[in-house]
Amino acid sequence: MHGLKEKAEKALNKKAAVGRDIDLNIYRTGTPESNATGLAELCETDLLSAGIVPSGEGRSGSYIQEDHSVTHCNMTQKGVEISSIEEALKKYDWLKDYWWKALAVDTDKYTAFTELQPRRGYFMRVAAGQKTVYPLQACLYMEEEGVLQSVHNVVIAEEGSEMNIITGCTTASSLHSGLHLGVSEFFVKKGAKITFTMIHNWKEDVVVRPRTGVVVEEGGVFISNYVSLKPVKDLQSFPTAYLNGDNAVARFSSILVAPEGSWLDTGARVYLNGRGSRSEIISRTISNGGTIIARGHLIGNAEEIKAHLECNGLILTERGIIHAIPELEGRLRGVDMSHEAAVGKIAQEEIEYLMSRGLSEEEATATIVRGFLNVEIEGLPPELKQEIDRAIEESEKDIF
Amino acid sequence: MLILDGVTVEVAGKEILHDINLEVKPGETHVLFGPNGTGKTTLLMTIMGFAGYTVTKGRMSYKGEDITTMPLHERAKMGMGMSFQRPPTIRGLKTRNLVALCSKMGKDPEELARRLSFEKFLDRDVNDNLSGGEIKKSELLQLMAQDPDMVLLDEPESGVDLENIALVGEVIAELLDKAIKHFNEPMIEHKKKRKKSGIIITHTGFIMRYVNADVGHVILNGRLSCANNPEEIFSCVGKFGYEECVRCMV
Ligand SMILES: Nc1ncnc2c1ncn2[C@@H]1O[C@H](COP(=O)(O)OP(=O)(O)O)[C@@H](O)[C@H]1O
Ligand SMILES: [Mg+2]
């Protein structure tokens, strides 16, 4: 891992390609504490609303990190590993072959900064041919006011394996401001499948800069679902997937709500490099006065690839910004790429149709918005779909 | 039950219906005939209370209440229900869930759908990728759940194939309480007790084989021309066309 630190040092002032520049110095970094409060003392409802089950029941393994400390880590299934990244790096010498391989350390100041911090984050791996019975869960919990939480996660699905992951990033009820830097590298080996579902509950003054790289080999499938329904000051993420093997698949879906004062700039970029690889980027966004930039960039580099982009946005308040930026980049003949984007208000015709069935205007609107957010995600395991539905149901009172 | 008194209607700033007078008594079913673009759909949308249909003159009353300016959903709550010619698609809302929302009495969507052989569409989004005939079934399914007292049907049989027309016809007869259910009850008695009323727009007249309509009307160029025996009107239109028919009936 030589040379990484030097590269990181050099990139410490490198602004990100998009998004507002964040001053890292105003936040508090720290060192892992030995006297972490422990899982029992974290607010149970904060965790539950992010899809995290504190007891670990119905999960094949858990990782919980509070600010800078790992407070809980266990696994219950053979062939399924979950641990802190620090431990994993000590245990497996080969892990360095994955370190900063799906993503460059000098991508921007946030990746660079994370590399220079003490190692935190999780490591997950499913052995070849194995399958998680229950989802693995990871929770990154921010507690101390003004905290800068940085993590570097590595997830590996070995050949023919299958893993479902649910991550809930959430904050203590008392916390208002903080910065979360999350580097995540995913490796989907031949014929493997990762379903990664994130339900994130941030806060009015929290800034978030996730940095994600995904490498998918032949016949591998990567499914990502991102759900953010609560206020967040400034979130900017643009995960990139490389479909390097033939017939590899990546699907990114996001369900985003931006209340007034929130700024969400998200999307995904997918390089379709393997013959016959497929990708789909879908977003359903609602502005309640906040700003959403919904990006998508598909790059068709191989024969017989198929890719589709879909950005649908509803502006529910008088003012609110939804800016869809769909990009299709075909680089040879034989690519099949399409996109569909629509931003606006709810169709009056639909509201009236439901009203003619006896629903009031408010009920009709709520029913349509609920339907709008109800994205059918191909290949999404039902238990993860349930968690997403539950998160939406819980937030309804804030959305309408 | 429903009275329109000199109703004139504007759509998008243009007068479409002129001075409509109509009374539908409890238990009566009326049929509306008329060429394309003559204002039939406009009339039903106005009765139901859709926003784009402005009553500029006249009044409407339903169950003794003035409904001229009553909001759409309140009319629905008072027992009006409509099946649409071209309803919108609602993404993410399952037909099953909408049927449940429509149902006042908590009727089982599965059971209602079985009556129309429509079970396999319950888990589709409302009106998503349905054929013409399937849309009609979906509309009737919602009406069965609503069980309205005033049933407004806009071309309920167009696009329905021969195999399904009987199914659709029987369900409509039931909605209008026109089905013969009690063999030991004389028809005349049943008719007296009947409360359900309806207005049906039809081009083909097929529906009249399943539902005995009481009164027929022709709309021509936004005017309601006559109230007469529906069978007579239908055969007259068939022989001489709408214009001629209106002339001879008046
Ligand atoms: N939203 C609208 N905007 C403008 N014109 C309309 C609108 N809706 C209906 N019309 C016009 O009103 C007339 C009557 O339409 P409609 O009631 O749908 O006819 P029908 O059902 O008898 O075929 C037509 O000329 C049609 O073009
Ligand atoms: Mg019509």
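Since this is a predicted model, take the numbers as computed values, not measurements.

K.L.:
Help me understand helix α5 (residues 132-146) of chain B in this model?
P.N.:
Helical geometry: 3.6 residues make up each α-helical turn, so side chains three or four residues apart lie on a common side. All names here are of chain B. In this model, α5 (15 residues) spans 21 Å end to end at C-alpha, consistent with the 21 Å of a helix rising 1.5 Å per residue. Along α5, 13 of the 15 residues are buried, which leaves the element largely enclosed by surrounding structure. Asp 147, located one to two residues past α5, shows a positive phi value of around 50°.

K.L.:
Is there a simple way to think about the interface of chain A and chain B in this case?
P.N.:
One widely used convention gives an interface's size as the accessible area the parts lose upon coming together. Counting residues at the interface gives 17 residues for chain A, matched by 28 residues for chain B. It is Glu 352, Tyr 353 and Arg 357 of chain A that lose the most area in chain A upon contact with chain B, and together they represent 39% of the buried surface on that side. There are 2 salt bridges connecting chain A and chain B. Close ionic contact of Glu 376 of chain A with Lys 94 of chain B constitutes a salt bridge, the shortest N to O distance being 3.2 Å. Joining chain A to chain B, the criterion identifies 12 residue pairs in polar contact (both at pLDDT 80 or more). Contributing elements (two or more residues each) for the side of chain A that touches chain B: α5 (348-355) and α6 (361-373) of chain A. Of the residues forming the side of chain A that touches chain B, the biggest block, 6 residues, is contributed by α5 of chain A.

K.L.:
When you look at the packing of helix α3 (residues 95-102) of chain B against α5 of chain B in this model, what are you seeing that I'm missing?
P.N.:
Residues and elements named next belong to chain B. Close contact between α3 and α5 brings their axes to 7 Å; oriented N to C, the two are set at 30°. As the angle between them shows, α3 and α5 are arranged roughly parallel. Crossing handedness for the pair α3 and α5: right-handed. Facing α3, whose interface residues are Thr 95, Leu 98, Val 99 and Cys 102, α5 presents Leu 141, Gln 142, Ala 145 and Gln 146.

K.L.:
Would you explain the sheet that holds strand β11 (residues 215-220) of chain B in this entry?
P.N.:
Sheets are built from strands that pair by backbone hydrogen bonding, the pairs being arranged parallel or antiparallel. All names here are of chain B. Taken in spatial order, the 6 strands line up as β6-β9-β10-β3-β11-β12 in an open sheet, and their pairing is mixed. Sheet topology places β6 (80-83) and β12 (223-228) at the edges, where each strand pairs with a single neighbour. Put simply, the sheet's adjacent strands are angled 15° from each other on average, direction ignored. Packed on one face of the sheet, helix α8 (residues 230-240) meets β3 (29-33), β11 and β12 and runs near 40° to β11.

K.L.:
Please explain the site of ligand 1 as it appears in this structure.
P.N.:
All names here are of chain B. Looking at ligand 1, the residues that line it are Val 11, Ala 12, Ile 16, Pro 35, Asn 36, Gly 37, Thr 38, Gly 39, Lys 40, Thr 41 and Thr 42. Here an oxygen atom of ligand 1 sits 2.7 Å away from a polar atom, N or O, in the main chain of Gly 37. One nitrogen or oxygen atom from the side chain of Thr 41 is found 2.7 Å from an oxygen atom belonging to ligand 1. Here the residues of the shell around ligand 1 sort into 4 nonpolar, 6 polar and 1 charged.

K.L.:
How should the environment of Pro 87 of chain B be read in this particular structure?
P.N.:
Mapped onto the elements of the fold, Pro 87 of chain B is located in the loop between β6 and β7 (90-94). In this structure the C-alpha to C-alpha distance between Pro 87 of chain B and Ser 103 of chain B, which are 16 residues apart in sequence, comes to 19 Å. Once residues lying within four places of it in the same chain are set aside, the contact partners of Pro 87 of chain B are Tyr 353 of chain A together with Asn 127, Ile 135 and Glu 139 of chain B.

K.L.:
Looking at this structure, I do not really get the coordination of the magnesium ion (ligand 2). What am I missing?
P.N.:
The expected angle between donors at a tetrahedral four-coordinate metal is 109.5 degrees. At an octahedral six-coordinate metal it is 90 or 180 degrees. All names here are of chain B. In the first shell of the magnesium ion (ligand 2), the protein supplies Thr 41 (OG1) and Gln 85 (OE1), at 2.0 to 2.4 Å from the metal. Of the two residues, Thr 41 sits in helix α1 (residues 40-48) while Gln 85 sits in the loop between β6 and β7, which places them 44 residues apart along the sequence. Judged by relative accessible area, which is 25%, Thr 41 ranks as partly exposed.

K.L.:
What am I meant to see in the domain arrangement of chain A here?
P.N.:
Residue and element names in this part refer to chain A. On domain assignment, one finds that chain A holds domain 1 (4-346) and domain 2 (347-400). With centres defined by C-alpha atoms, the gap from domain 1 to domain 2 works out at 25 Å. In this assembly, 33 residues from domain 1 lie in contact with 25 residues from domain 2. Summed over both sides, the interface of domain 1 with domain 2 buries roughly 2,400 Å², with 69% coming from carbon and sulfur. The interface formed by domain 1 and domain 2 holds 1 salt bridge in total.

K.L.:
Just to check I follow, could you spell out the pattern of salt bridges for this structure?
P.N.:
Pairing is possible between side chains of opposite charge, provided their charged atoms come close. Residue and element names in this part refer to chain A. Going through the model one piece at a time under the given rule, you end up with 34 salt bridges over all chains. Arg 119 is the salt-bridge partner of Glu 115, the closest N and O atoms lying 3.4 Å from each other. One network of salt bridges, in which partners are shared, links Arg 59, Glu 387, Arg 390 and Glu 394.

K.L.:
For this particular structure, what's the right way to read the sheet that holds strand β7 (residues 162-171) of chain A?
P.N.:
Residues and elements named next belong to chain A. Read from one edge of the open sheet, 10 strands run β2-β1-β5-β7-β9-β11-β14-β16-β18-β20, paired in mixed fashion. Looking along the sheet, the strands with just one partner apiece sit at the ends: β2 (69-75) and β20 (336-344). Each strand of the sheet is rotated relative to its neighbour by a mean of 5°, with strand direction disregarded. Across 10 bridges, strand β16 (residues 278-288) lies against strand β18 (residues 306-315) in parallel orientation.

K.L.:
Quick question: what am I supposed to make of the packing of aromatic side chains here?
P.N.:
Here a ring pair, both rings aromatic, is described through the centre-centre distance and the interplanar angle of the planes. Residue and element names in this part refer to chain A. One pass over the structure, following the stated rule, counts 14 aromatic pairs over all chains. With centroids separated by 4.7 Å and ring planes inclined at 70°, the aromatic side chains of Phe 186 and Phe 196 adopt a geometry described as edge-to-face. With Phe 186 in strand β8 (residues 177-188) and Phe 196 in strand β9 (residues 193-201), the pair connects residues that are 10 residues apart, well separated along the chain. Each of the two residues, Phe 186 as well as Phe 196, counts as buried. Looking at Arg 125, its charged tip hangs above the ring of Tyr 92, at a distance of 5.8 Å from the centre.

K.L.:
Is there a simple way to think about the side chain of Asn 153 of chain A in this case?
P.N.:
Residue and element names in this part refer to chain A. Positionally, Asn 153 belongs in strand β6 (residues 147-157). From its side chain, Asn 153 meets the backbone nitrogen of Tyr 122 in a polar contact 2.9 Å long. Looking at Asn 153, its side chain comes within polar contact range of the side chain of Ser 184, at 3.2 Å. With residues near it in sequence (within four places) discarded, Asn 153 still touches Gly 121, Tyr 122, Val 183, Ser 184 and Glu 185.

K.L.:
Where do I start with the environment of Asn 25 of chain A in this structure?
P.N.:
All names here are of chain A. Its location among the elements puts Asn 25 in the loop between α1 (4-11) and α2 (44-48). Among the residues examined, Asn 25 registers a relative accessible area of 68% and is labelled exposed. Through-space distance from the C-alpha of Asn 25 to that of Ser 360 is 51 Å; in sequence the pair is 335 residues apart.

K.L.:
I would appreciate a short explanation of the confidence of the model for chain A in the present structure.
P.N.:
Atom-level detail of predicted coordinates should not be read off regions where pLDDT is low. Considering every residue of chain A, the mean pLDDT works out to 91; 96% of them sit at 70 or more. Within chain A, no element has a lower average pLDDT than α2 of chain A, which sits at 75, and none a higher one than strand β13 (residues 240-243) of chain A, at 98.

K.L.:
Please explain α3 of chain B as it appears in this structure.
P.N.:
Taken together, the buried positions of α3 of chain B are occupied by Thr 95, Leu 98, Val 99 and Cys 102 of chain B. Along the axis of α3 of chain B, the buried residues cluster in a sector spanning 100°; they form a single face. Looking at the buried side of α3 of chain B, the elements it contacts are α5 of chain A together with β7, α4 (109-115), β8 (125-126) and α5 of chain B.

Cut-offs used in this document
- Residues numbered from 1 in each chain as written.
- Chains lettered and ligands numbered in written order.
- Predicted model: local features only at pLDDT ≥ 70, side-chain atom pairs only at ≥ 80, totals over all residues.
- Heavy atoms only, no water.
- Helix = DSSP H or I, 4+ residues; strand = E, 2+ residues; numbered from the N terminus.
- Expected span 1.5 Å × (residues − 1).
- Buried < 20%, exposed > 50% of the residue type's maximum accessible area, 1.4 Å probe, protein only.
- Contact = heavy atoms within 4.5 Å.
- Buried area = accessible area lost by both parts, 1.4 Å probe.
- Salt bridge = Lys/Arg side-chain N within 4 Å of Asp/Glu carboxyl O.
- Polar contact = N/O pair within 3.5 Å; in protein donor to acceptor, adjacent residues only side chain to side chain.
- Axes fitted to C-alpha atoms, helices over the stretch in contact; angles between N-to-C directions.
- Parallel < 35°, antiparallel > 145°, perpendicular 65-115°, else oblique.
- Left-handed = near helix turned anticlockwise from the far one by under 90°.
- Pairing = 2+ DSSP bridges.
- Near = heavy atom within 4 Å.
- Nonpolar A, V, L, I, M, F, W, Y, C, P; charged D, E, K, R; others polar.
- Donors = N, O, S within 2.8 Å, 3.2 Å for Na, K, Ca; no water.
- Domains from an automatic or database assignment.
- Phe/Tyr/Trp six-rings, centres within 6.5 Å; stacked < 30°, edge-to-face > 60°.
- Lys NZ or Arg CZ within 6 Å of the ring centre and 35° of its normal.
- pLDDT = per-residue confidence, 0-100.
- Arc of directions from axis to C-beta.

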